[in-house]
Amino acid sequence: MALIDFREVYKAFGPKVVYSGLNLSIERGEAITIVGGSGVGKSVMLKMLIGLLTVDAGEIWFDGRCIQALSPREMTGVRQRIGMLFQGAALFDSMTVGENVSYGLREHHRMNPRELAERVHWALSLVGLPGVEGMFPSDLSGGMKKRVGLARTIALQPEVVLYDEPTTGLDPINTARISRLITSLQRSLGITSVVVTHDMGSAFMVSTRLAMVHKGQVIATGTPDEFRHARDPLVRDFIEGNAPEGEDLLAVLRAGG
Ligand SMILES: Nc1ncnc2c1ncn2[C@@H]1O[C@H](COP(=O)(O)OP(=O)(O)O)[C@@H](O)[C@H]1O
Ligand SMILES: [Mg+2]
C-alpha cells in the first residue's frame, strides 16, 4: 500500500477551484517531484497532506489511515513523521545555528543536552556543515541558510520530507548542492521526498518520479526519462518552458560544482 494517497480530492477557495479530483499515490522511499505552473496548487497539496488546509471532499491516506478520520492528537503524531522545508522558511536570527537546529527537538522530545548536541552535530554533518553550531544566521550565505533549514528538519528524523521550492532564489551551484542533498538523504536515510519545484533540471536530478499538476488534477506521472520523452503537449510545453534554469544546473553538475 502507498505511504501517501490522495483520493479524489476537491479543494476550492471561494469560487477558485484548486483541485477537482486529485489522485496521487506516493510509495515509501520515493523521491517524487510535483511540477506545474505557478498557482496550480502545488503548495496547497503539501499543506493538505499535513493538515494545514482541509479538503472539501475526498480523502488523504497516510500509512494506511485516512487523515480526515484522525483525532487532533493522532494528526500531531502524523505531523511529527513528516518534515517540511517550506518556501522562505526563516531561521531565528537571534538564535545560534545550533539553537535553530535543535528548536523542534527541544519543543517535542525529551533529550538531554548531550543527546541534543549529538543530534545537532549529526544533522549539520549530513548537510555538509559540521561545526557551525555557534555561528549566527547573519554569518551565513543564502545557500548555507537553506542547508541549516534542512538540518533543522532532518534533526527530527522524519520519514517524509516535503520540500516546497527548495532551490528558489539560489544560484546554480547552491541549487545543485541542495538537489544533491535531497537525493543523498533519500538514498542514505530512506526518506520519502516530495519536492515541489518549477526547475526541471533539479526535478530530473532528484526524482525517481514526477507528477504534473494542471487544472486541478494530476495529468501525468512518470520517471524522468518518461517525462523527457513525453508526447503530451502540456507536459512538453511545461518542460520546454522551464528548461533554461535546468540547463544551467546540468552544466554545473557536469563541471562538478
Ligand atoms: N489560504 C488560501 N486562501 C485562499 N486562496 C489560497 C490559499 N492558499 C492558496 N490559495 C490559492 O490557491 C491557488 C493555488 O495556490 P498554491 O498551491 O500556492 O500554488 P502553487 O502551485 O504556485 O504552489 C492559488 O490561486 C492561490 O491563490
Ligand atoms: Mg507554491
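You'll find the structure just up there.
Before going into details, it helps to say that this report is about the structure given with it. Residue numbers run consecutively from 1 along every chain, following the written order of its sequence. As they are written, the chains are lettered A onward and the ligands numbered 1 onward, keeping that order. pLDDT decides what is reported in this predicted model: residues at 70 or higher carry local features, side-chain atom pairs at 80 or more are listed and counted, and totals for whole chains, interfaces and linings draw on all residues regardless.

Looking only at helices and strands, one finds 10 helices and 10 strands in the chain. The globule rule used here is 2.2 Å times the number of residues to the 0.38 power, and the radius of gyration it is set against is calculated over C-alpha atoms. Taken over C-alpha atoms, the radius of gyration comes to 18 Å for the chain, in line with the 18 Å a tight globule of 257 residues would show. Its C-alpha atoms put the chain at 50 × 50 × 35 Å along the principal axes. Three exposure classes are used. Buried residues have 20 or more other C-beta atoms within 10 Å of their own C-beta, exposed residues have 12 or fewer, and partly exposed residues fall in between, all C-beta atoms being placed from the backbone. Looking at the chain residue by residue over its 257 residues, the buried ones come to 36%. Numbering of helices and strands runs from the N terminus, with a helix taken as a DSSP run of H or I at least four residues long and a strand as a DSSP run of E at least two residues long.

Let us now look at the site of ligand 1. The criterion for a residue being near a molecule or strand is simple: its C-beta atom, placed using the backbone, must lie within 6 Å of it. As a structural note, the neighbourhood of ligand 1 is formed by Phe 13, Lys 16, Val 18, Gly 36, Ser 38, Gly 39, Val 40, Gly 41, Lys 42, Ser 43 and Val 44. Counting only elements with at least two residues in the shell around ligand 1, the list comes to β2 (16-26) and α1 (42-49). Per-element tally for the shell around ligand 1: the top contributor is α1, with three residues. Residues that form the shell around ligand 1 fall into these classes: four nonpolar, five polar and two charged. Following the grouping adopted for this structure description, the nonpolar residues are Ala, Val, Leu, Ile, Met, Phe, Trp, Tyr, Cys and Pro, the charged ones are Asp, Glu, Lys and Arg, and the polar ones are all others, Gly among them.

So, about the sheet that holds strand β8 (residues 192-196). For two strands to pair, DSSP has to find at least two bridges joining them. Strand order in this open sheet of six strands is β6-β7-β8-β3-β9-β10, and the pairing throughout is mixed. Two strands bound the open sheet, and with one partner strand each, they are β6 (82-85) and β10 (217-222). On average, each strand axis in the sheet is inclined to that of its neighbour by 20 degrees, with strand direction left out of account. Where strand β9 (residues 209-214) lies against β10, five bridges are found, and the strand directions are antiparallel. Counted as the bridge partner of Met 212 is Ala 220 from β10. Whenever a helix is involved, its axis is fitted only over the stretch in contact; in every case the axis is a line through C-alpha atoms, and angles between N-to-C directions fall within 0 to 180 degrees.

A few words now on helix α6 (residues 172-189). Residue count minus one, scaled by 1.5 Å, sets the expected span of a helix. Taking 1.5 Å of rise per residue, 18 residues should cover 26 Å, and α6 covers 25 Å from first to last C-alpha, within 8% of that figure. Immediately beyond the C-terminal end of α6, within one or two residues, lies Gly 190, with a positive phi of roughly 70 degrees.

With respect to the helices, strands and loops of the structure, Pro 137 is situated in the loop between α4 (113-126) and α5 (142-154). Under the C-beta neighbour-count criterion, Pro 137 is labelled partly exposed, with 18 such atoms within 10 Å. Distance in space between the C-alpha atoms of Pro 137 and Leu 156 is 20 Å, their sequence separation being 19 residues. Ignoring any residue separated from it by four or fewer positions in sequence, one finds Pro 137 in contact with Leu 91, Asp 93, Val 97 and Lys 145. Throughout, a residue-residue contact means that the two C-beta atoms, derived from backbone geometry, are no farther apart than 7 Å.

The side chains of a regular strand alternate, residue by residue, between the two faces of the sheet. The alternating pattern of β6 places Ile 82 and Met 84 and Gly 83 and Leu 85 on opposite faces, both of which are buried. Direction of pairing for β6 relative to strand β7 (residues 160-164): parallel, over a ladder of four bridges. Paired with Leu 85 across the strands is Tyr 163, a residue of β7.

Let us look at the pairing of strand β4 (residues 57-62). As paired elements, strand β1 (residues 4-13) and β4 share five bridges and run antiparallel to each other. Bridged to Tyr 10 within β4 is Ala 57. Examined bridge by bridge, β4 and strand β5 (residues 65-66) share two bridges and lie antiparallel to one another. Looking at β5, one finds that Phe 62 is bridged to Arg 65. Hairpin connection of β4 to β5: two residues between the antiparallel strands, including Asp 63 at a positive phi of 50 degrees.

Turning to the environment of Val 18, a few remarks are in order. Along the chain, Val 18 falls in strand β2. Judged by the 23 C-beta atoms lying within 10 Å of it, Val 18 is buried. Setting aside anything within four residues of it in sequence, one finds Val 18 in contact with Lys 11, Ala 12, Phe 13, Gly 41, Val 44 and Gly 216.

Another aspect to go through is unusual backbone geometry. Its identity as a non-glycine residue notwithstanding, Gln 157 has a phi of 50 degrees, on the positive side. Note that Gln 157 resides in the loop between α5 and β7. Residue classification places Gln 157 among the partly exposed residues on the basis of 16 C-beta atoms within 10 Å. With phi around 50 degrees, Glu 165 is a residue other than glycine that occupies positive phi space. In this fold, Glu 165 is placed in the loop between β7 and α6. Look at Glu 165 and you get partly exposed, because 18 C-beta atoms sit within 10 Å.

Below, the discussion takes up the sheet that holds β4. Ordered by their spatial adjacency, four strands build an open sheet running β2-β1-β4-β5, and the pairing between neighbours is antiparallel. The sheet terminates laterally at β2 and β5, the two strands that pair on one side only. The pairing of β1 with β2 spans eight bridges and is antiparallel. Bridge pairing in β2 places Asp 5 opposite Ser 25.

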